[in-house]
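Descriptive structure summary
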Amino acid sequence: MKLLKRIILTLLFLFLLIMGTLLVIAFAYENEVKGYMIEQLNENLKTKVVVHSKDIKLSLLKSFPFASLDFKNVKMLESPISSDKKDKKGNKKFLKQDTLFSAAGISLQFNILDILRKNYVVKKIKAENGKVKLRMGADGSVNWDIWKGSGDTTSPSSGGSAFNLEKFQFDNIALFYLDNKNRNDISCSVRSGTISGEFTGKEYDLSIMGDLHVHHFNLDSVNYMDNKPVKMDLSLYVDNKKKLYQFSDALVYLSDLKVAVEGQYVDTKPSYVNVFLKGKDMDVQSVLSLLPEKYHKHISDYDSDGEFYCNAHINGKWNNMNSPEVKVDFGITKAEITQLSSGIVLKDVHVLGNYFSSSVSSKVFLDLKTFSASLANGTIAATIRIDNFSSPNIIASVNANLLLEDVRHLLKIDTIWNYPIESLAGNLKVNMEYNGRLNNSGKYKKSDFENMHLVGEMTLENTGMKIKSSALVFDSINGSFTLNNNSVTVNSFSGKTPKSDFYLKGILKDVLAYSFTDDADINVEATFESNNFDLNEFLVNQQESSKRDTVYKISFSPRVNFILNSDIGHLTFRKFEADNIRGTFQLRNQK
C-alpha cells in the first residue's frame, strides 16, 4: 500500500513538474514565438491580417504534444479583384475590398521542441467558428491570391521558421463562393473537416474529409442544391511537379446518395480532367430530391420508389474556350411512381438512357432508349432523344394502351377543343413516331410543322366524355385515325350524345399547325352521317334565347375551311326540324 502511494505521489510530482515547466517555457518564449510567427506571416502574405496582440497566446497544454499559437478574432483582407466596369480613362476598376477570412479562433501548431531549437515549423492549422468569402472578378482574378510566390516558404530552413503543413482542421466554418465571371454562387457551412498530407513534398497522398451543409449551389442562375447535407471522404495522389491530382479511393455523399470518384485532374493551361463517377445504392426518390429547385413544381405531385443507377465519365481539356466531354449512362429498374392527386400508379417502371455533351463536336443530346411502365389497366412503352437543348430536335416513339381517364390525369388535360372536361372514359391505343424541332419560345409557325415527321395510328374504343356544367355527354365513341405529318386521316369516327348520333370519315389537313399557330388554316374534306342530329346540344356556351327569337348567327373562324358531304336523317335546331338532308356543305373565307 505504501509502495502504491509512493508511485502515485511520484507520478503526481512529475506531472506537476512537467506542467510547471511547460507553463514557464510558454511564459518565457511567448513574445518571441508571437513576434516570429507574425513576421513570417507578414513576409509571406500579400494582404493584411488584422488581430490584436492581446488576442495571441502561446499554449503548450491545449494541443499537447504540440505547442499552439492561438489567435482570437482574426481577420484577413482579400486580394483586389476587378469589376466589369472601367473608369473614364478606360482603366480597370476594382471591387471594394472585403474580408477574405475571419474566425473566432485559429491555432498554429508545432513541435514543442521547436521552441528550444528556435526553429518553428508549423505542422497543423486549426480554424473554428469562422467565415470564408471567395470571389472571382469579371476578368477571372481571384481574391484568394494572398500567398507570395517568391522564395520557398513551405519548408524549414536553418535558423528560421516555416510552414511545413501536414494538416488543416476546420470546425463550424461558413463558406461562400461568388463567381462574377460565370455567374456562379455557392453557400455552404463546413461543420467539420480535415485536409491531411505532406503538402511540402513533391509527391504525396492527400486525404480530405468533410461534413458540410449546402445552402445553395447556383450555377448560371440555376440552383442545383438547396439545403442538402454533403459528406466527403477523398483520397488523392498529388504530384506537384506535374500538377497532377489522382483520385483513387474517393466517396462523396450528396444527401442520401453515395458517389464513388476515380480518375485524375491536371492543373495545367488548359487544365485536363479524366474522372469517372459511379452512383452507389441509389433510389429514385433521393435522386429526384436533388433536381434543381425550378423543376420541383413539376414533380411535387409524384411519389416514387425504385432503384436508380448512374455512371458518368468526364474527359478532356477545360478552360474558357473548351469544356470536357461528358458521358452519362443511367437507368431506373423495379420502380413504382404514384401520382398523388389521382392515385394512379405506374408499376414496373424501367428506364434506360444516356447523356452526352462535347464542346469539340458541339454535340449535346439526351437519349432515353427505353421507357416502359404498366398501369392497373394499361401499358406504355416509349423512346425519346433530344438533340441540341438550345433549339431542341425531338425523335420519339410511343406505343401505348391506356384508359383515357388515366391519360387525362397524368397529362393534366382540362379541355378538349375548348370544351371543359369533367371526365373521360374508354380506351386509347397509340402507336406513333415523331421527328421534329421544338421552339423554346412556344411560338410556332406553319413552317415548323411542314418540316416535321409524324406517322402512326390512334384508336379510340368505347369512349365517353362528360362536359363540365353541361348536360352534354358523349358516349359510345369509337374511332380510328392515321397520323401523317401535319394531317390526320379519320378512317372512322362515331359516337352518340343523349339526342344525337354521328359518323365521320375524311381527312383533316394541317390540323396540327392550325391547333398550335396563328398563321395556318385547317382544311377538312369529310363525309358526315347522322340518323338524328340535335344542334341545340352542341351550343353549350349560348345564352338561353327567348321564344320570340327567330334570328340566329353562327360564325366560323376565317382559318377554317371544309367540304362536308352530309347525310342527316333528322335535324333539329330550336323550332326548326328537317328530314333527309343530303348535300355538300362548303366553307372558305367564312363564306
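Anything mentioned here points back to the structure above.
Quick notes on the rules
Residues numbered from 1 in each chain as written. Predicted model: local features only at pLDDT ≥ 70, side-chain atom pairs only at ≥ 80, totals over all residues. Heavy atoms only, no water. Phe/Tyr/Trp six-rings, centres within 6.5 Å; stacked < 30°, edge-to-face > 60°. Helix = DSSP H or I, 4+ residues; strand = E, 2+ residues; numbered from the N terminus. Buried < 20%, exposed > 50% of the residue type's maximum accessible area, 1.4 Å probe, protein only. Core = buried A, V, L, I, M, F, W, Y, C linked by side-chain atoms within 4.5 Å. Contact = heavy atoms within 4.5 Å. Salt bridge = Lys/Arg side-chain N within 4 Å of Asp/Glu carboxyl O.

A word on the packing of aromatic side chains. Enumeration according to the criterion identifies eight aromatic pairs in this entry. Arranged with centres 6.0 Å apart and planes meeting at 20°, the rings of phenylalanine 449 and phenylalanine 516 form a pair that is stacked. Taken together, the residues span a long stretch of sequence, with phenylalanine 449 in helix α6 (residues 446-450) and phenylalanine 516 in helix α7 (residues 511-516) at a distance of 67 residues. On the basis of relative accessibility, which here comes to 53%, the residue phenylalanine 516 falls in the exposed class. Ring geometry for phenylalanine 493 and phenylalanine 502: centres 5.5 Å apart, planes at 50°, overall tilted. Here phenylalanine 493 falls in the partly exposed class, since its relative accessible area comes to 21%. By relative accessible area, phenylalanine 502 is classed as buried at 11%. Taken together, the ring pairs connect Phe481, Phe493 and Phe502 into an aromatic cluster.

Another point: the nonpolar core. Across soluble globular proteins, nonpolar side chains have a tendency to be buried as a group. Core analysis: the largest hydrophobic core is formed by 103 residues, its most contacted members being Phe71, Phe101, Ile106 and Phe474. When residues no more than four places from it in sequence are discounted, the contact partners of phenylalanine 101 are Val74, Lys75, Met76, Ile106, Ala127, Lys131 and Val132.

Buried residues of helix α5 (residues 404-411): Leu404, Asp406, Val407 and Arg408, and no others. Residues of α5 that are buried in the fold lie against β19 (363-375), β21 (393-403), β23 (419-437) and β24 (453-467). Note on α5: the residue one or two positions beyond its end, lysine 412, has a positive phi of about 55°.

Topologically, serine 390 is positioned in the loop between β20 (378-387) and β21. For the pair serine 390 and leucine 438, spaced 48 residues apart in the sequence, the C-alpha separation amounts to 9.6 Å.

The subject of this paragraph is the pattern of salt bridges. Evaluated as defined, the whole model comprises 14 salt bridges. For lysine 133, the salt bridge is made with aspartate 98, and the minimal N-O distance between the two is 2.9 Å. Note that lysine 133 is positioned in strand β7 (residues 121-136) and aspartate 98 in the loop between β5 (92-94) and β6 (99-111), a separation of 35 residues in sequence. Lysine 133 gets classed as partly exposed once you look at its relative accessible area, which sits at 28%. Here glutamate 325 makes a salt bridge to lysine 327, at a shortest N to O gap of 3.7 Å.

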